[in-house]
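Each chain, written out:
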Amino acid sequence: MSTNQETGTAPELLFVLLTDSGIAPDGPDTLAPLAAALQAQYPRAVTLNLHPPLRDAEGRCRWWADESPSPADVETALPHLIDRVRAEGAKLGLPWQRVALAGVGDGALLALEAVQAEPALVGRVLAFAGGYMARPEAAPQDVCVHLFHGLEDRRFSYRHVVDAAQALVDLGADVTADLLPHLDHGLHPALIAKAMEQLRNFIPARLWREALIAAQENERPVG
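Every chain's residues receive numbers from 1 upward, in the order its sequence appears when written. A pLDDT threshold of at least 70 governs which residues receive local features in this predicted model, and a stricter bar of 80 or more applies before side-chain atom pairs are shown or counted, although totals over entire chains, interfaces and linings include all residues. Only hydrogens and water are set aside; all other atoms, that is, all heavy atoms of the structure, feed into the side-chain values.

In the annotation of an unreviewed UniProt entry, the entry for the protein chain reads Phospholipase/carboxylesterase, and the organism field reads Roseateles asaccharophilus.

(A) Expanded view of the nonpolar core. In terms of nonpolar packing, the biggest core is built from 39 residues, with Leu18, Leu101, Leu110 and Val125 touching the most fellow members. Contributing elements (two or more residues each) for this core: β2 (13–18), β3 (45–50), α2 (71–91), β6 (99–104), α3 (106–117), β7 (124–128), β8 (144–150) and α4 (158–170). In what follows, residue pairs with any heavy atoms lying within 4.5 Å of each other are defined as contacts. Among residues more than four places away in sequence, those in contact with Leu101 are Val16, Leu18, Leu81, Val85, Ala111, Ala114, Leu121, Val122, Arg124, Val125 and Leu126. Buried Ala, Val, Leu, Ile, Met, Phe, Trp, Tyr and Cys residues form a nonpolar core when they are joined through side-chain atoms within 4.5 Å. For the exposure calls, accessible area comes from a 1.4 Å probe over protein chains only, and a residue counts as buried if that area is under 20% of its type's maximum, exposed if over 50%, partly exposed in between. Formed by 22 residues, the second largest nonpolar core is a distinct cluster that contains Val104, Leu126, Leu183 and Met196. Counting from the N terminus, the helices are the DSSP runs of H or I reaching at least four residues and the strands are the DSSP runs of E reaching at least two.

(B) Seen up close, the packing of α2 against α3. Axis geometry follows a simple rule: fit a line to the C-alpha atoms, using only the stretch in contact for helices, then measure angles between N-to-C directions, giving values from 0 to 180 degrees. Across the interface, α2 lies against α3 with an axial gap of 10 Å and an inter-helix angle of 80 degrees. When the axes of α2 and α3 are compared, the pair comes out roughly perpendicular. For the pair α2 and α3, contact is made by Val74, Ala77, Leu78 and Leu81 and by Leu109, Leu110, Glu113, Ala114 and Ala117, respectively. Comment on the angle field: the value is read as roughly parallel under 35 degrees, roughly antiparallel over 145, roughly perpendicular from 65 to 115, and oblique elsewhere.

(C) Seen up close, the pairing of strand β9 (residues 174–180). Counting buried positions over the seven residues of β9 gives five, a clear majority of the element. Examined bridge by bridge, β8 and β9 share seven bridges and lie parallel to one another. From the neighbouring strand, Cys144 faces β9, where its bridge partner is Asp174. With strands facing away from the observer, any crossover in which the path from the first strand over the helix to the second runs clockwise is taken as right-handed. As for the winding sense of the linkage, the β-α-β connection from β8 through α4 to β9 is right-handed. A pair of strands counts as paired when DSSP detects no fewer than two bridges linking them.

(D) Inspection of helix α5 (residues 189–201) at higher detail. One fewer than the residue count of a helix, multiplied by 1.5 Å, yields its expected span. The end-to-end C-alpha distance of α5, which contains 13 residues, comes to 18 Å, matching closely the 18 Å that a straight helix rising 1.5 Å per residue would cover. Leu191, Ile192, Ala195, Met196, Gln198 and Leu199 are the residues of α5 that are buried. Along the long axis of α5, the arc covered by the buried residues comes to 160 degrees, so they all point the same way. Pointing more than 90 degrees away from the buried face of α5 are the exposed residues Pro189, Arg200 and Asn201. In this description, the arc belongs to the directions extending from the helix axis to the C-beta atoms.

(E) Molecular detail of α2. Between its terminal C-alpha atoms α2 stretches 30 Å, which fits the 30 Å expected from 21 residues at 1.5 Å a residue. Fitting axes to the seven residues ending at a residue and to the seven starting there, one defines the bend at that residue as the angle between these axes. At Leu78, α2 shows its strongest bend, of approximately 30 degrees, with the proline Pro79 following within four residues. Among the residues making up α2, those that are buried are Val74, Ala77, Leu78, Leu81, Ile82, Val85, Glu88 and Gly89. Where α2 is buried, its residues contact β2, β3, β6 and α3.

Structure follows, in structure tokens:
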């Protein structure tokens, strides 16, 4: 776990970061640029890196044994992730709305599927260079889903991201989808910059509803 919050101050946010599969456990921290951007924008946030529990023959981390996951693989991986996210949020005294999942590649897939499987887990998902197992048939309640993808991603086609985003819009979800040209698979600086922009500017529908209700209450005549 890493944080640059001031000593003695309670954290306001928790970002749980999920790496892609195929990362060497003793290699460079591929999520460091994302963690740095998050902590620069949110000084009282905590970032926590979660690495895949499995190792392949070459010692690289993997969320599942095969190159491409099956529904059973995802179903097996989710309970441990969900329990860990809840435990870390409770340890910091944060409600689920102030916890976010951010994943890259297979980590993005796992983050997206986690909020489909478990209600009231996190308030936001940042999915980089990854997507759903299948077109979502339900919208996660009160969760902002942000999709960030390169148009030249040859591992996971952007077309799946567009299709999933359209499905979520049709289902009434809070979703954004940013597709950037000339980017292949990976956590590119341009995608991180776009994510910070969305975190700053995107207003969830829930807050619009609350503001509208408050405005209507204020407009009611007294007496």
